[in-house]
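# Observations on the model geometry
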Amino acid sequence: MKLSSNRMSLKLLLAIASLAAGNFAGAAEAAHHWGYSGEGGPEHWAAMEDSFAACGVGKHQSPIDLNSAVTKDLPPIQFSYQALPLTVTDTGHSFQVNAGAGSGGITVGADHYDLVQFHFHRPSEETMQGRHYSMVAHLVHKNAKGDLAVVAVLIRKGETNKFLKSVFDNFPAKGQQESSVAGTMINLNDFIPQRHGYFTFDGSLTTPPCSEGVRWFVLKSPVEASTDQVQQFASRYPHNARPTQPLNGRLVEETKD
């Protein structure tokens with residue numbers, strides 16, 4: 001996915017550099033304490049920093065409400081994740097697991113993206129006809145050109161999720177940034193649903209600097225997590241979801257399955 005200007009390309013490259021360092025929000029957060037309520041809430045992001053301007057004036061912002069889509073014969077997402085060491089980072093806005101080289105990724109048609117990291121929001125940022133799911137996991141990828149693609153895995157309450165147990169049981173203690181679990185490997189193939197049908201649209205980062213040019217894939221089939229697991233996350237991050245944004249004429253497509 002190409003960006004509309006050299007300036008926006010620079011913004012996205014900076015955001016990618018921040019992703020690789022384990023901070024999805026962007027380097028500017030060190031000086032600007034954005035959040036999800038009060039004076040640092042989403043309605044104020046655009047005014048907090050010049051580089052956050054897209055949060056207010058961008059026309060292809062995420063997340064969105066998925067209430068209508070055009071059904072098309074779209075290429076399947078081919079998942080090729082590899083096992084990675086379990087290290088959980090507290091970014092100050094979510095819990096995140098960073099992926100190094102050799103962690104695999106996704107291929108959609110002729111486009112391949114390597115896994116960068118995954119993190120969580122509560123409730124889901126994406127909505128289905130106005131309805132939130134209990135949580136969502138955002139699996140962040142980038143290609144060789146530096147373009148981003150995010151796979152959103154919706155999470156509803158149900159049975160205990162064994163994959164999430166490995167992550168959630170090892171959140172860093174309060175006041176600590178990182179928790180590494182020696183000898184423990186995890187694989188996202190154990191987390192994604194069996195059915196890979198999806199919605200897709202052009203969007204943005206859902207946190208400052210809200211850079212656009214991000215390719216989104218929202219899987220139709222949710223996975224489950226127990227009530228205790230959802231509460232386990234909520235006890236640290238009770239609400240870290242940006243409100244849905246206007247479509248502004250964007251086309252949302254979905255697979256036939």
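Everything below is about the structure printed above this text.
Notes on the structure follow. As the structure is a prediction and not an experimental result, all values here were calculated from the model.

A few words now on the nonpolar core. Counting 40 residues, the largest nonpolar core has Phe 118, Phe 120, Leu 139, Val 153, Ile 155, Val 167 and Phe 191 as its most contacted members. Setting aside residues up to four positions removed in sequence, Ile 155 forms contacts with Phe 120, Tyr 133, Ser 134, Met 135, Val 136, Ala 137, Leu 164, Phe 191, Val 223, Glu 224 and Ala 225. Membership of the second largest hydrophobic core comes to 17 residues, among which are Leu 148, Leu 154, Phe 201 and Val 214.

With that settled, consider the state of the cysteines. One pass over the structure, following the stated rule, counts 1 disulfide. Paired by a disulfide, Cys 55 and Cys 210 hold their sulfur atoms 2.1 Å apart. Judged by the sign of its S-S torsion, about 90 degrees, the bond between Cys 55 and Cys 210 is right-handed. Of the two residues, Cys 55 sits in helix H3 (residues 54-57) while Cys 210 sits in the loop between strand S13 (198-204) and strand S14 (212-219), which places them 155 residues apart along the sequence. Neither Cys 55 nor Cys 210 differs from the other in exposure class; each is buried.

To continue, consider the packing of aromatic side chains. Tallying each qualifying case throughout the model produces 18 aromatic pairs. Ring centres of Trp 34 and Tyr 36 lie 5.8 Å apart, and the angle between their planes is 75 degrees; this geometry places the pair in the edge-to-face category. Tyr 36 carries the same exposure label as Trp 34, and that label is buried. Pairing Phe 95 with Phe 233 gives two aromatic rings, centres 6.0 Å apart and planes at 75 degrees, and the pair type is edge-to-face. Of this pair, Phe 95 sits in strand S5 (residues 95-98) while Phe 233 sits in helix H5 (residues 227-234), placing them 138 residues apart in sequence. Comparing Phe 95 with Phe 233, the two get one shared label, buried. Here a set of aromatic residues connected by ring pairs shows up, and it is made of Phe 95, Phe 118, Phe 120, Phe 163, Phe 168, Phe 171, Phe 191, Phe 233 and Tyr 237. When the ring centre of Tyr 133 is taken as origin, the NZ or CZ atom of Arg 131, which lies over that ring, is 4.6 Å away.

Definitions and limits used
- Residues numbered from 1 in each chain as written.
- Predicted model: local features only at pLDDT ≥ 70, side-chain atom pairs only at ≥ 80, totals over all residues.
- Heavy atoms only, no water.
- Core = buried A, V, L, I, M, F, W, Y, C linked by side-chain atoms within 4.5 Å.
- Buried < 20%, exposed > 50% of the residue type's maximum accessible area, 1.4 Å probe, protein only.
- Contact = heavy atoms within 4.5 Å.
- Disulfide = S-S within 2.5 Å.
- Helix = DSSP H or I, 4+ residues; strand = E, 2+ residues; numbered from the N terminus.
- Phe/Tyr/Trp six-rings, centres within 6.5 Å; stacked < 30°, edge-to-face > 60°.
- Lys NZ or Arg CZ within 6 Å of the ring centre and 35° of its normal.

All quantities given are derived from atomic positions and should not be read as evidence of function.
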